[in-house]
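# Observations on chain architecture
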Amino acid sequence: MEKTKIGFDIGSNSMKIAVLRGDVIRVEEVRLPENLVEGDNIVMPNTFSQFLKETRKNLKLPKAAAALVLPASHSICRLVTMPKMTQQQLIMNLPYEFSEFIQGVPDQYFCDYAVCERYDGEDDESMPMMAAVAPKAKLAEYAGIFYKAGINLKTILPQEMSLVSLSRKAWNDNKGEEYCFVDLGEQRTRITVVWRDRVQATRQIPFGGGHINQIAADELGIDKFLANSYKIAKSNDIANMPAVYEMCERIAVEILKVVNFYRFTYQKSDLKGIYVVGGGAKFEPLIQAITEQVSMELLNAVDILPNKVQNASTALFAIGAAMEVAR
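Residues numbered from 1 in each chain as written. Predicted model: local features only at pLDDT ≥ 70, side-chain atom pairs only at ≥ 80, totals over all residues. Heavy atoms only, no water.

A few words now on the sheet that holds strand 13 (residues 198-205). Read across the open sheet, the five strands follow the order 13-12-11-14-15; overall the sheet is mixed. Among the strands making up the open sheet, the edge pair consists of strand 13 and strand 15 (297-298). Of the strand pairs in this sheet, strand 11 (residues 178-184) and strand 12 (residues 189-195) are connected by seven bridges, and their pairing is antiparallel. Bridging across to strand 12, Asp183 finds its partner in Arg190. Here helix 7 (residues 242-265) sits on the sheet and contacts strand 11, strand 12, strand 13 and strand 14 (273-277); the angle it forms with strand 13, its principal contact strand, is near 145°. (Pairing = 2+ DSSP bridges. Helix = DSSP H or I, 4+ residues; strand = E, 2+ residues; numbered from the N terminus. Contact = heavy atoms within 4.5 Å. Axes fitted to C-alpha atoms, helices over the stretch in contact; angles between N-to-C directions.)

Taken in spatial order, the three strands line up as 7-9-8 in an open sheet, and their pairing is antiparallel. Sheet topology places strand 7 (76-83) and strand 8 (109-115) at the edges, where each strand pairs with a single neighbour. Each strand of the sheet is rotated relative to its neighbour by a mean of 35°, with strand direction disregarded. Most of the contacts of helix 3 (residues 136-148) go to strand 9 (residues 126-135), to which it runs at about 70°, and overall it touches strand 8 and strand 9.

Packed helix pairs are specified by the crossing angle of their axes together with the interaxial distance, meaning the distance between the axes. One can describe the packing of helix 5 (residues 209-220) onto helix 6 (residues 224-233) by two numbers: an axis separation of 8 Å at closest approach and a directional angle of 100°. Put simply, helix 5 runs roughly perpendicular to helix 6. In this structure, helix 5 contributes Gly209, Gly210, Ile212, Asn213, Gln214, Ala216, Ala217 and Leu220 to the contact, and helix 6 contributes Lys224, Ala227, Asn228, Tyr230 and Lys231. Within the contact of helix 5 with helix 6, the residues separate by chemical class into six nonpolar, five polar and two charged. (Parallel < 35°, antiparallel > 145°, perpendicular 65-115°, else oblique. Nonpolar A, V, L, I, M, F, W, Y, C, P; charged D, E, K, R; others polar.)

Before going further, it helps to examine the pattern of salt bridges. Counted by the stated rule, this structure contains 15 salt bridges. Of the charged contacts in the structure, one is a salt bridge between Arg188 and Asp40, with a shortest N-O distance of 3.7 Å. Highlighted residues: Arg188 in the loop between strand 11 and strand 12 and Asp40 in the loop between strand 4 (37-38) and strand 5 (41-42), separated in sequence by 148 residues. Arg188 sits in the partly exposed class, given a relative accessible area of 27%. Between Glu177 and Arg196 there is a salt bridge, with the nearest N and O atoms lying 2.8 Å from each other. Taken as a pair, Glu177 in the loop between helix 4 (159-172) and strand 11 and Arg196 in the loop between strand 12 and strand 13 lie far apart in primary sequence, 19 residues in all. (Salt bridge = Lys/Arg side-chain N within 4 Å of Asp/Glu carboxyl O. Buried < 20%, exposed > 50% of the residue type's maximum accessible area, 1.4 Å probe, protein only.)

Okay, structure coming up:
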């Protein structure tokens, strides 16, 4: 019998949940109460635990092992190539790969890795791997929040590894080997290119959904939270505001620059298109701007999944996280 696994992705405005049982996928998106999350931080842990408990009850989520996607600001994840060594030596040396991220004592951080396959042209004596580091205190905070909500949190992983999980599965299912994901976050837009079992490139654009919300708020004379509510509800004609579309165009142009630079750097790249994921995947002006500016097809994230599922693009990180739940 297939085990049930759950993935959680906590954004600034909503939480995405994916429930996996074999190849059957169910996704949910729940709006977060105002002031519960600021930036990438949960500002009221006890209140968030209660919110999680109520959400689990309301959605009738099964009792199952769960995984959580870390916000990008709480971890660093990158492709690292190291000489062959023992696991003990590897754990000792990995922190030095993240010296610019680690502040204070290395023992305050947790490092982990996933060894990648070696391909033609790579040194047989090397170990290519996806390596990540995150503060132990932040991991413990999340573990405590989920524990109080009665959720069995088994795995916490960076955004990049949730995408690697999806891409690796699609590659093994002969659906392609190279994928470009564009995630419109609250404060920034992240572009991640995954090739087979590794992140090939990642870039950040310093504009995101929060900038669009602020523009709409200024136009309507309201606060950002209410403006985002109107945007989600497709009311107050936010989608047709010229200033909003200008920001979408600005984001699209920056995406084009990143994609062009990637294709120039990797001459053998065979990208078929890009996947817009996260909350931005539902905002039509952004999709229109990307379509007009970026000379690549906008693909549907559902095509890389084992089964068809509604709102796959929005909950893609949560789906990838659920696939990585520790066995």
